[in-house]
Amino acid sequence: MKGICVRSEINPLKKVLLHRPGKELLNLTPDRLPELLFDDIPFLKVAQQEHDAFAQILRDNGTEVVYLEDLMTDVLNLHPELVEPFLYQWLSEGNIKTKRWQDKLYDYLVTNFKGKALVEKTMEGITLKEMGGASAYSLQDLIAPADDLIVDPMPNLYFTRDPFASVGTGVFLHKMRFPTRCRETIYADYIFKYHPDFEGLITRYYDRDFHANIEGGDVLNLTEDTLAIGISQRTSPDAIEIAARNLFTDPNAKIRTVLAFDIPACRAFMHLDTVFTQIDVDKYTVHPAILGPLTVYEITPGKDDPADLQIKRVDSDLEHILEKYTHVDKVHLIYCGGDDLIAAAREQWNDGSNTLCIAPGKIVVYQRNDVSNAILRDAGITVLEMPSAELSRGRGGPRCMSMPLIRAE
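Residues numbered from 1 in each chain as written. Predicted model: local features only at pLDDT ≥ 70, side-chain atom pairs only at ≥ 80, totals over all residues. Heavy atoms only, no water.

Draft legend 1. Structural context of the environment of T223. By the secondary structure assignment, T223 is in strand β8 (residues 219–223). On the accessibility criterion, T223 (15% relative accessible area) is buried. Setting aside chain neighbours within four positions, we find T223 in contact with R7, I255, Y325 and T326. Among the polar contacts made by the side chain of T223, one reaches the main-chain amide nitrogen of T226 at a distance of 3.0 Å. (Helix = DSSP H or I, 4+ residues; strand = E, 2+ residues; numbered from the N terminus. Buried < 20%, exposed > 50% of the residue type's maximum accessible area, 1.4 Å probe, protein only. Contact = heavy atoms within 4.5 Å. Polar contact = N/O pair within 3.5 Å; in protein donor to acceptor, adjacent residues only side chain to side chain.)

Draft legend 2. Here's a closer look at the environment of G396. Relative to the helices and strands, G396 is located in the loop between β18 (382–386) and β19 (403–407). Relative accessible area serves as the criterion here: at 0%, G396 is assigned to the buried category. In this structure, the C-alpha to C-alpha distance between G396 and P306, residues 90 residues apart in sequence, is 36 Å.

Draft legend 3. Geometry of the sheet that holds strand β15 (residues 332–335). Strand order across the open sheet formed by three strands is β11-β12-β15, with mixed pairing between neighbours. Each edge of the open sheet carries a strand with a single partner, namely β11 (276–280) and β15. Strand-to-strand twist in this sheet, taken as the mean axis angle between neighbours without regard to direction, amounts to 30 degrees. (Pairing = 2+ DSSP bridges. Axes fitted to C-alpha atoms, helices over the stretch in contact; angles between N-to-C directions.)

Draft legend 4. The sheet that holds β19, seen in detail. Read from one edge of the open sheet, three strands run β2-β1-β19, paired in mixed fashion. Every interior strand has two partners, whereas the edge strands, β2 (64–67) and β19, have only one. Strand after strand, the sheet turns through a mean of 20 degrees between neighbouring axes, direction not considered. In this sheet, β2 lies alongside strand β1 (residues 13–18) in parallel orientation, the contact comprising four bridges. Considered in β2, the bridge of L18 is made with Y67. Across the sheet, helix α2 (residues 68–78) is in contact with β1 and β2; its angle to β2 comes to roughly 65 degrees.

Draft legend 5. Structural view of the packing of helix α3 (residues 83–93) against helix α8 (residues 184–194). Interaxial distance between α3 and α8 falls to 10 Å at its minimum, and their mutual angle equals 155 degrees. Classified by the angle their axes make, α3 and α8 are roughly antiparallel. Taken as a pair, α3 and α8 cross one another with a handedness that is right-handed. Contact residues: α3 offers P85, F86, Q89, W90 and E93, while α8 offers I186, Y187 and Y190. By residue class, the composition of the contact of α3 with α8 is six nonpolar, one polar and one charged. (Parallel < 35°, antiparallel > 145°, perpendicular 65-115°, else oblique. Left-handed = near helix turned anticlockwise from the far one by under 90°. Nonpolar A, V, L, I, M, F, W, Y, C, P; charged D, E, K, R; others polar.)

Draft legend 6. Region of interest: helix α4 (residues 99–112). Helix length check: α4 (14 residues) gives 20 Å between terminal C-alpha atoms against 20 Å at 1.5 Å per residue, within 8%. The complete set of buried residues in α4 reads W101, Q102, L105, Y106, Y108 and L109. For α4, the angular spread of buried residues about the axis comes to 160 degrees, placing them on one side. Of the exposed residues in α4, those oriented more than 90 degrees away from the buried face are K99, R100 and T111. (Expected span 1.5 Å × (residues − 1). Arc of directions from axis to C-beta.)

Draft legend 7. Examining the side chain of H195 more closely. Along the polypeptide, H195 turns up in the loop between α8 and β7 (203–206). A polar atom in the side chain of H195 sits 3.0 Å from the side chain of D74. Not counting residues within four places of it along the chain, the set of residues in contact with H195 comprises L71, D74, V75 and Y190.

Draft legend 8. View of helix α12 (residues 370–378). Among the residues making up α12, those that are buried are S372, N373 and L376. Each buried residue of α12 lies within a common arc of 100 degrees when the element is viewed along its axis, so the set occupies one face. Looking one or two places after α12, you find G380, whose phi comes out positive at around 90 degrees.

Draft legend 9. Local environment of the pattern of salt bridges. Summed over the entire model, instances satisfying the criterion amount to 27 salt bridges. Close ionic contact of R20 with D52 constitutes a salt bridge, the shortest N to O distance being 2.8 Å. Of the two residues, R20 sits in the loop between β1 and α1 (44–60) while D52 sits in helix α1, which places them 32 residues apart along the sequence. R20 gets classed as partly exposed once you look at its relative accessible area, which sits at 30%. Its relative accessible area of 30% is what places D52 among the partly exposed residues. Between R377 and E385 there is a salt bridge, and its shortest N-O distance comes to 3.4 Å. Classification of R377 as partly exposed rests on a relative accessible area of 41%. (Salt bridge = Lys/Arg side-chain N within 4 Å of Asp/Glu carboxyl O.)

Draft legend 10. Structural detail: the packing of aromatic side chains. Overall, the coordinates contain 11 aromatic pairs when judged by the stated rule. Ring geometry for F261 versus F276: centroids 5.6 Å apart, planes at 50 degrees, classification tilted. Of this pair, F261 sits in strand β10 (residues 257–262) while F276 sits in strand β11, placing them 15 residues apart in sequence. Relative accessible area serves as the criterion here: at 1%, F276 is assigned to the buried category. Following the ring pairs from residue to residue traces out a cluster consisting of F86, Y187, Y190 and Y194. One Lys or Arg, R177, reaches over the ring of F178 and ends 4.7 Å from the middle of that ring. (Phe/Tyr/Trp six-rings, centres within 6.5 Å; stacked < 30°, edge-to-face > 60°. Lys NZ or Arg CZ within 6 Å of the ring centre and 35° of its normal.)

This is the structure:
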């Protein structure tokens, strides 16, 4: 299956992009956790076992699983002339600005790593020790401890939802909010340009060099013509306007309404999909903290000029907003943790509302959220549990760890 086609959050999932956690997690240290957006250090061996179980659940339910590292390897194998520009771009965006260090690191990479190992090494990062310790290239190198990282790892890569978002037959390729995540979008940039499954097939409605921040956890395909985007800690109103304008001015795009949900700008609610996700035509998981009056902005194209955005504030509750824009008579909101506020807070922290719907009424969830999972089953939802003791330490659930590429129309 080539290209991208995603017009729903719940239609049967046919193809999905994952990244199996790698040695980048081994370069997490306690003193750098906040900077690298982690609260704890996952045990890699177990995290990989859990991720493999996740992938197998998807395969067992008819989904083709492809991996970011494999697609990027395909690109470099098919186009060996891209290895040099890719690595120098990766080094430059990894804050290696000194030409002598760029050349030294480039030579180290191409001499010691080939194919998939080279791609994985760029995800893992590079320590000064690997380069033979301190050199006379700079004062900083002489001062730094031998185990200091020259190029940072990208431990958030297993959350493939965020670097880009599938919207219709196109994508938003994102400008990430925090510096540690900005390089993640380089891989998708090359894959969409050069991989035979995507080359010439993908319209970009947002691009990584645009000025405003947006991330995929804030983008939900409510219907084929209505997109929800969170105004959050990691997505700005400017980015939403740019994306909406580009969608509306493309005659091939079906999106004609963008709903901007204003949610609290904090880590617990970092993206829209951490507070609610769609799990059936009329059912949603939701964190109780966002219930009550909710501020949403309806963005539609101008009548004479689609680029002339019409923006209207909608003050209502989540239930009625979803009923109106998804054309459902009655929606059912299923609370994370039920009516137990302690369970709700705990399971929200462990992404109890962050579910991956693989078909209407069939979802993948973290096993650890047993209160929420029991409530979902009671509501008639087919709940497929995955192990999550280590993966959950990264603060992201099954939806965060998956980017749908194709859903059934």
